[in-house]
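Fold and geometry: a report
This is what each chain is made of:
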Amino acid sequence: MLDVARIRKDFPILDRMVYGKPLVYLDNAATSQKPRQVIDALVRYYETYNANIHRAVHCLGEEATAAYEEARARVAAFINAPSPECIVFTRNTTEAINLVAYTWGRANVSEGDEILLTEMEHHSNLIPWQRLAQDKGATVRYIGLRDDQTLDLNGLENVFDARTKMMAMPHVSNSMGTINPVEKLAGEARRHGVMSLVDGAQAAPHMKVDVQAINCDFYAFSAHKMLGPTGVGVLYARRELLEEMEPFLGGGEMIRKVTFEGATWNDIPWKFEAGTPNIADVIAFGAAIDYLNEIGMDEVRAHEMEITEYALQQLGKLDDIILYGPRDSQQRGGVVSFNVADLHPHDIGTVLDRHGVAIRAGHHCTQPLMRRLGVSGTARASFYIYNTPQEVDVLVEAVKAARKFFRNDTA
Amino acid sequence: MTADDPGRRADYARQEAELDELYRDIILDHYRHPRRKGRLAAPTATHEGLNPLCGDEVTIEVIVRDGRIQDIAYMGSGCSISQSSASMMTEAVHGKPVAEVRGLIADFTAMMRGSDDIDPESLGDLEALGGVRKFPVRVKCATLAWHTLDEALAEPK
């Protein structure tokens, strides 16, 4: 069991009031709050060893370089990557996926080829592939959904054809919470000689991720959704792929030897980290990983399952509520998407906000999925390690208040 | 601070007041009972407006004849603010000369920007939408229909 009361003490922001009410932060799928330990790591870097990395011959530069590379090693261990060299730092998940689409994609996808995605893709795992397909004359196909918003994997055998080059999928759906069987999908892709990329933005913060067990070729996620600062994303790739891929951006750091005629590239992973990277935030991300490791990812997952079950149960008692996503908490992350009668999610969101409850309302960057579900958007509550059942109660009361508010005026 | 202390009660009261100001009765009335929602048989101009942030959609159809908005209708989906603003707008501009409507669009959007040059009372019922200014993320919902009408009026015949 998580000691939530103790955890909450580490998050200064959780003490604040919003419109005179205690903040109930349930927008963790958008970004998580940051513990004191992460904020301190940022301050410590800037106050005591701020320097550029990899090139300095002075003490500060050596300390900064060591801390930066140490964070990379912690990220590698966190997802059980075989080596820190397989970890490339980017700005965010979106940039990590774009890196793959631009480098691996442009070298390996040609006219008539096919890219396989799912109908629950976040725009970040959709637009880069659509653009690649457009540029190359390739096509994009989608694995559809069942009624409970899980992937329809009937006949998975037959979804691959000889022209399929890449299969990209979310580990956990950001709008429905569905946990996809990525091990099975990546394995199936591999059997058919198809590359796989897993968008782990909603999984890495919430459960134990083992990229070697999943056996995917690429895995991408973001620091800011897992207690870390904004501005840091992670791309894991198999070493051979990084070796053979061309660099994404060109500039300092990513080169070995430069002449007026041309250049050769640095070793992996630095080949993909042109220019001064986000040193401070990467280092603080290391502190975020330490924090999560100390709690234990199995504990994080157990806590979220418990609170998600409670939320589904309590919200489910309201009439006129529509809950999305699988009911079995084994199959879903800590995301609860819902609609209430004919209320628009933004109207719900505005009333909830006045109760101090922060949720997300809208299409969650999954417009095609929303169209598929026949809604313009949903209200979404998403949980993390510091959320309590009492906060779920506040959410439910606020939803009731929103219903009452709009219903009073229907006469 | 407990739920009963006077500071907390004042907070509740203030929130309720602000929510009431956002969702004034007339706004909710238009949301529940939209006016001029539908399609025209032979519009002279049609324009679709989209608020990508929240997915609000409004399509405005007009029949402009002799420099006058002879008929107008809207279709759409979205939050109460975006849809009632569309409904209130169609009622406000129906039958009016285009030049006057352009002025009204300018006045309305100026009010939503918080301009001091506009006396909200001069806008009649539309003044009710002024309460949305206290909710900055929702201002775009309120102005969507108006920008869409502006575009429709700019379309070549």
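About the criteria used
- Residues numbered from 1 in each chain as written.
- Chains lettered and ligands numbered in written order.
- Predicted model: local features only at pLDDT ≥ 70, side-chain atom pairs only at ≥ 80, totals over all residues.
- Heavy atoms only, no water.
- Contact = heavy atoms within 4.5 Å.
- Buried area = accessible area lost by both parts, 1.4 Å probe.
- Salt bridge = Lys/Arg side-chain N within 4 Å of Asp/Glu carboxyl O.
- Polar contact = N/O pair within 3.5 Å; in protein donor to acceptor, adjacent residues only side chain to side chain.
- Helix = DSSP H or I, 4+ residues; strand = E, 2+ residues; numbered from the N terminus.
- Nonpolar A, V, L, I, M, F, W, Y, C, P; charged D, E, K, R; others polar.
- Domains from an automatic or database assignment.

Describing the interface of chain A and chain B
Note: interface size is frequently given as the accessible area lost on complex formation between the parts. Counting residues at the interface gives 21 residues for chain A, matched by 28 residues for chain B. Roughly 2100 Å² of surface becomes buried between chain A and chain B when both sides are summed, with 53% attributable to carbon and sulfur atoms. Where chain A meets chain B, there are two salt bridges. In this structure, R138(B) and D347(A) form a salt bridge, with 2.8 Å as the shortest nitrogen-oxygen distance. Joining chain A to chain B, the criterion identifies seven residue pairs in polar contact (both at pLDDT 80 or more). For the side of chain A that touches chain B, the leading source of residues is helix 11 (residues 345–354) of chain A, giving five residues. Residue composition of the side of chain A that touches chain B, by class: eight nonpolar, eight polar and five charged.

Some thoughts on the domain arrangement of chain A
Residue and element names in this part refer to chain A. Domain annotation of chain A identifies domain 1 (4–27 + 296–409) and domain 2 (49–293). The C-alpha centroid of domain 2 is placed 29 Å from the C-alpha centroid of domain 1. With 33 residues of domain 1 in contact, the opposing surface of domain 2 contributes 29 residues. With both chains or domains summed, domain 1 and domain 2 bury close to 2500 Å², and 58% of this area falls on carbon and sulfur atoms. On the domain 1 side of the interface with domain 2, the three residues burying the most area are M297, L369 and Y384, jointly 24% of the side's total. Linking domain 1 with domain 2 are two salt bridges.

Quick notes on unusual backbone geometry
Looking along the chain, the bond that leaves I268(A) and enters P269(A) is cis, with omega of 0°. Checked against the element boundaries, P269(A) lands in the loop between strand 12 (263–265) and helix 9 (279–295). The residue Q149(A) is not glycine, and still its phi comes out positive at about 60°. Positionally, Q149(A) belongs in the loop between strand 6 (139–143) and strand 7 (164–170). At R36(B), a residue that is not glycine, the phi angle is positive and equals roughly 55°.

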